[in-house]
Amino acid sequence: MIGDTAVRQGAGAQMGQQERTGPFGRALLRVAERRSEVIGVTADLAKYTDMLAFRQRYPDRFVDVGMAEQNLVSVASGLEMAGYVPVATTFAVFLTRRAFDFAAMQIALHDANVTLVGGLAGICSTFGPTHQGIDDLAHMRALPGMTVIDPCDPIEMEQATEFAIDHEGPVYLRQLLGKEPAVLDPSTHRFELGKATLLRDGSDAAIVASSIMVKHAIDAAEALAEDGLSVAVLKVSTLKPFDAEAVHALAARVGWIVTAENHSVIGGLFSAVSEAIVSVGMPIHVRPVGLNDEFGSFGTLDHNKRVHGLTTDRIVDTARDLARVSAS
Amino acid sequence: MDTHDEAPSISELSAHAWNIRRHVVAMAAGKGEGYVGQGLQAADILAVLFGAVLNWSLDRSDDSASDRFILSTGHYSIALWAAHAEFGLLDLDELRTYGADGSDIAMSTERGRQPHVELTGGSLGHGLGVAAGLAYGRRLRGDRGRVFNYMSDGELQEGSTWESAMFAADASLSNVINIVDVNRTQADGPLVLEVEPVAEKFRAFGWWAEDVNGNDVGQLVEKFAECAEVDRPKALVCQTQIGFGVPLIVDRERSHFVRVDPNEWAAVSAQLEEE
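Worth saying up front: this structure is predicted, and the values here are computed from it rather than measured.

## Examining the overall build of chain B
So, point 1. The secondary structure content of chain B amounts to nine helices and nine strands.
So, point 2. Over its C-alpha trace chain B gives a radius of gyration of 17 Å, about what one expects of a compact globule, namely 19 Å for 275 residues.
So, point 3. With the principal axes as the frame, chain B shows a C-alpha extent of 55 × 40 × 35 Å.
So, point 4. Across the 275 residues in chain B, those meeting the buried criterion constitute 59%.
So, point 5. Counted over contacts in chain B with a minimum sequence separation of 6, partners at least 24 positions apart contribute 75%.
So, point 6. Total accessible area on chain B is roughly 10,700 Å²; 47% of this is exposed by carbon and sulfur atoms.
So, point 7. Computed over 22 positive and 43 negative side-chain charges, the inter-centroid distance for chain B is 4 Å.

## Section: the environment of Ile70 of chain B
All names here are of chain B.
So, point 1. If you trace the backbone, Ile70 turns up in strand β2 (residues 68-71).
So, point 2. Its relative accessible area of 0% is what places Ile70 among the buried residues.
So, point 3. A sequence separation of 48 residues divides Ile70 from Glu118, and the C-alpha atoms of the two residues are 5.6 Å apart.

## Topic: the pairing of strand β3 (residues 147-152) of chain B
All names here are of chain B.
So, point 1. In terms of burial, β3 is a largely internal element, six of the six residues being buried.
So, point 2. Side chains of β3 alternate between two faces, with Val147, Asn149 and Met151 and Phe148, Tyr150 and Ser152 buried alike.
So, point 3. When β2 meets β3, the two strands line up parallel, connected through four bridges. Looking at β3, one finds that Ile70 is bridged to Asn149.
So, point 4. Note: β3 against strand β4 (residues 176-182), six bridges, orientation parallel. In the strand pairing of β4, Asn149 is matched with Asn178.

## Some words on the state of the cysteines
So, point 1. In this structure the tally under the stated criterion is zero disulfides over all chains.
So, point 2. Not part of a disulfide, Cys124 of chain A finds its nearest cysteine sulfur in Cys152 of chain A, a span of 12 Å.
So, point 3. Lacking any disulfide linkage, Cys227 of chain B is separated from the closest cysteine sulfur, that of Cys238 of chain B, by 9.7 Å.

## Thoughts on the sheet that holds β4 of chain B
Residue and element names in this part refer to chain B.
So, point 1. Spatially, β2-β3-β4-β8-β7 is the arrangement adopted by the five strands of the open sheet, whose pairing is parallel. Single-partner strands in this sheet number two, and they are β2 and β7 (208-213). Neighbour-to-neighbour, the strand axes of the sheet open up by a mean angle of 20°, direction not taken into account.
So, point 2. With six bridges joining them, β7 and strand β8 (residues 234-239) adopt parallel strand pairing. Within β8, the position partnered with Asp211 by the bridge is Val237.
So, point 3. Relative to β3, helix α2 (residues 36-53) is tilted by about 180°, and along the sheet it contacts β2, β3, β4 and β8.

## Let's talk about the environment of Asp204 of chain A
All names here are of chain A.
So, point 1. In this fold, Asp204 is placed in the loop between β7 (197-200) and β8 (205-209).
So, point 2. Through-space distance from the C-alpha of Asp204 to that of Ala232 is 8.0 Å; in sequence the pair is 28 residues apart.
So, point 3. Polar contacts involving the side chain of Asp204 include one to the main-chain amide nitrogen of Ser230, which spans 2.7 Å.

## Some points on the sheet that holds strand β4 (residues 115-119) of chain A
Residue and element names in this part refer to chain A.
So, point 1. Ordered in space as β2-β1-β3-β4-β6-β5-β10, the seven strands form an open sheet in which the pairing is mixed. Each edge of the sheet is formed by a strand with only one pairing partner; in this case those strands are β2 (62-64) and β10 (238-240). With direction set aside, neighbouring strand axes in the sheet form an average angle of 20°.
So, point 2. The pairing of β4 with strand β6 (residues 171-174) spans four bridges and is classified as parallel. Within β6, the position partnered with Leu116 by the bridge is Tyr172.
So, point 3. The sheet strands contacting helix α9 (residues 154-166) are β1 (38-42), β3 (85-91), β4, β5 (147-149) and β6, and the helix crosses β6 at an angle near 165°.

Reading the values: the criteria
Residues numbered from 1 in each chain as written. Chains lettered and ligands numbered in written order. Predicted model: local features only at pLDDT ≥ 70, side-chain atom pairs only at ≥ 80, totals over all residues. Heavy atoms only, no water. Helix = DSSP H or I, 4+ residues; strand = E, 2+ residues; numbered from the N terminus. Rg over C-alpha atoms; globule rule 2.2 N^0.38 Å. Buried < 20%, exposed > 50% of the residue type's maximum accessible area, 1.4 Å probe, protein only. Contact = heavy atoms within 4.5 Å. Areas by Shrake-Rupley, 256 points an atom, 1.4 Å probe, with all protein chains shown as cover. Lys, Arg positive; Asp, Glu negative; His and termini not counted. Charge placed at Lys NZ, Arg CZ, Asp CG, Glu CD. Pairing = 2+ DSSP bridges. Disulfide = S-S within 2.5 Å. Axes fitted to C-alpha atoms, helices over the stretch in contact; angles between N-to-C directions. Polar contact = N/O pair within 3.5 Å; in protein donor to acceptor, adjacent residues only side chain to side chain.

Okay, here's the thing in structure tokens:
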């Protein structure tokens, strides 16, 4: 039923429907197996947020509230009051735009042990501005007490999902589709909350990257090496609590920093890095690659990347520009 | 029931209601302002709930049989604090700090900060969904206890209320009892957007729903008993009069958030005692 061509190539695939259970769905099943109190809640998006396997295995612990995101979050809060550990999914745009007040007042304010999962991160949807979560991290970072996780590849998505559900307290977990190229080595990488990972060391400059831009950051660092520039790549998967120390350590030994994120440059990674650097008075340039105060567009991920400059080339160009500024 | 092995009489419940009104007036007089009109109007409903309907114990043990109470309209906290004091959950002395800086006896509710408060209710249209989720979870874990939500008529204007109403009916949450307090007043004055017919709306969503005089203790007792037998989510549409029991407050035009001159509080108290 979900392996046919129509699903692989049609709107289903564009909206994130998996051909088979993805990294999020696998991790959810694993946690649900060992913890009977884990309950899945969605707003008519089980199919598109990788919850079909959970629904099939645990029908009694699956709640579909229909297209009603405010109620999704309220019901999750109520289920938590009844002693369950809710995992609530919908698209990032609906969770953070439509249901924001509910996430703030019924989840964050009293540290409810609920995992809020936002699908279609950044420009990872062909469905245009209504479905592209380009400001979700800004919203969720601003909520007191909210943990905010933005995984970079399917390996980290799976690890972070298991972590998020087990973590006591409110978590916003940004969901990848699960078909992104792998960046991390599953045999060595272990997701750790609040810890940035240095994927590549360098002494001239650094790229601090998150989500699908981590892959581009690595490629950009390699391209810049050909220019004779030694460029470090720091992967950030936890926007909050933010690993300011890792950024400070990097900023102390490189000439400038480029941030690269699958999000608006307002309120996400660029903001977190800049806040960390400014707050200790480090004299270093930081320039962002991301959605430059604009919405995404209809069309494929590649099209969106090109149109909005979420590319390896844009990181390289930004870095070269900064190299010139620093040299002058 | 834990707290009332023998059903209290109507006159006993009425006495509780009038005591709640006295606490409300004392709190509002201390503060010099507040939701005194709503506190007065809600006294009968809360007296019946805490005195006769809710299965709860003073230690608020969260066992399978105990009922849970969610105050969706956090602005009515004045009435909640008064009822809590009347039924032994709060010291009467604590009511004196109502609305004061640093006091937990605040002008609205905040879960996790204030004693015995199950919901942060100041942002409206949140309670019914949380009640529905709690009721769903309680049914799943085999609890016999019910979940009561108390909302204002203004909250019927919030779309989220109807998301939750649709969900509760679809999930056949017969353990949800929704008290809708219809005082026909909101922040901008008399209802700026018509909400009636309220009961018909809930029935159309698949609920059992009936109107009741929310300032008539006898009727309230009767209707709560009647709806207990119904195998669907239930809405008790309580028609209330803002300021009930104090004509001076009833007559005040902008009674959503009453300001009473310092020299008028004695008259307010006197009117209350005349009723």
